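# A look at the structure
Single-letter residue listing:
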Amino acid sequence: MRYSEYNEKIKKEIYEKYQLIAGVDEVGRGPLAGPVVTCAVIMKKESNIDGVTDSKKLKRARMLELKEQILEDAIAVSYGYANNKVIDDINIRQASLFAMKSAVDNLEIRPDILLIDAERIATDIPQLNIVKGDLNEYAISCASILAKVHRDDIMINFSKIYPEYSFDTNMGYGTKKHYESIDDVGITPIHRLSFLKKYFAKQESFL
């Protein structure tokens, strides 16, 4: 079932009923380049790390600190990926769901329930789909932070291969500098062609 509001009563019922609770989230739906990265994490039920919240609200330095604390309190962690080719083939939402399922399937310990940020995946594990889950549910926030740090690390490594695009600072998002680099140098093997169709069509209209 999907809840528009994840309130304390629902949360209490879940944490009383289930022992191994996995938070699941994805990052990287919006960029022009690079993969979607997902994380599934089972946290110790007593874990309560100060400052854990939606990764979009945190600076990288703080996320790196929280990552280490989250890993200390984690029972199991797994990541899932969908690269730009998969995204172009099946669309960004389906690619995100594929990567989420991969992260869940790769967990070394089977969770009793999944708490997922606003999505539903194909699995026989019970799941609760929470709107704004990355902000309102601790386990999902932990997954959000781990996924974000992991994806940023991937893009930083890509910036060493493709330095013209400043992937180490824009993380593949469509900044002015990024678009200028596409105009000057062209695209890379990690660009999402489906995300650039409208841009290329617009450019052609000016020729």
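Residues numbered from 1 in each chain as written. Predicted model: local features only at pLDDT ≥ 70, side-chain atom pairs only at ≥ 80, totals over all residues. Heavy atoms only, no water.

### Description of the overall build of the protein
- Each helix and strand in the protein was counted, giving 9 helices and 6 strands.
- For 207 residues, the compact-globule estimate of 2.2 N^0.38 gives 17 Å, and the protein sits close to it at 18 Å.
- Considering only C-alpha atoms, the protein reaches an extent of 65 × 30 × 30 Å along its principal axes.
- Counting only residues that meet the buried cut, the protein has 47% of its 207 residues in that class.
- The contacts of the protein with a sequence gap of at least 6 include a subset with a gap of at least 24, amounting to 65%.
- Counting only carbon and sulfur atoms, one obtains 52% of the accessible surface of the protein, whose full area is about 10,600 Å².
- For the protein, the distance from the average position of its 29 positive side-chain charges to the average position of its 31 negative side-chain charges is 3 Å. (Helix = DSSP H or I, 4+ residues; strand = E, 2+ residues; numbered from the N terminus. Rg over C-alpha atoms; globule rule 2.2 N^0.38 Å. Buried < 20%, exposed > 50% of the residue type's maximum accessible area, 1.4 Å probe, protein only. Contact = heavy atoms within 4.5 Å. Areas by Shrake-Rupley, 256 points an atom, 1.4 Å probe, with all protein chains shown as cover. Lys, Arg positive; Asp, Glu negative; His and termini not counted. Charge placed at Lys NZ, Arg CZ, Asp CG, Glu CD.)

### Some thoughts on the packing of aromatic side chains
- Using the criterion set out here, one finds 4 aromatic pairs in the structure.
- Members of the aromatic cluster, each reached through a chain of ring pairs, are Tyr179, Tyr199 and Phe200.
- One residue, Arg192, lies across the ring of Phe195, its end atom 5.0 Å from the ring centre. (Phe/Tyr/Trp six-rings, centres within 6.5 Å; stacked < 30°, edge-to-face > 60°. Lys NZ or Arg CZ within 6 Å of the ring centre and 35° of its normal.)

### Structural notes on the pattern of salt bridges
- Evaluated as defined, the whole model comprises 13 salt bridges.
- Between Arg62 and Glu65 there is a salt bridge whose closest N-O contact spans 3.0 Å. One end of the pair is Arg62 and the other is Glu65, both in helix α2 (residues 60–73) and 3 residues apart, which spans about a single turn.
- Members of the salt-bridge network, linked through shared partners, are Glu26, Arg29, Arg93 and Glu119. (Salt bridge = Lys/Arg side-chain N within 4 Å of Asp/Glu carboxyl O.)

### Structural notes on the UniProt feature "binding site: a divalent metal cation" (unreviewed entry) in the protein
- UniProt tags Asp25, Glu26 and Asp117 as "binding site: a divalent metal cation" (unreviewed entry). A maximum C-alpha distance of 8.1 Å places the annotated residues, which cover 93 residues in sequence, within one compact spot.
- Looking at the secondary structure, you find Glu26 in strand β2 (residues 21–27).
- By relative accessible area, Glu26 is classed as buried at 15%. (UniProt positions renumbered as here; feature names shortened; annotations may be inferred.)

### A few points about the packing of α2 against helix α6 (residues 138–161)
- Packing of α2 against α6 leaves a shortest axis separation of 9 Å and a crossing angle of 120°. By the angle between their axes, α2 is oblique relative to α6. The chirality of how α2 crosses α6 is left-handed. Listed contacts from α6 to Arg60, Met63, Leu64, Leu66, Lys67, Ile70 and Leu71 of α2 are Cys142, Ile145, Leu146, Lys148, Val149, Asp152, Asp153 and Ile156.
- Among the residues making up the contact of α2 with α6, the classes are represented as 10 nonpolar, no polar and 5 charged. (Axes fitted to C-alpha atoms, helices over the stretch in contact; angles between N-to-C directions. Parallel < 35°, antiparallel > 145°, perpendicular 65-115°, else oblique. Left-handed = near helix turned anticlockwise from the far one by under 90°. Nonpolar A, V, L, I, M, F, W, Y, C, P; charged D, E, K, R; others polar.)

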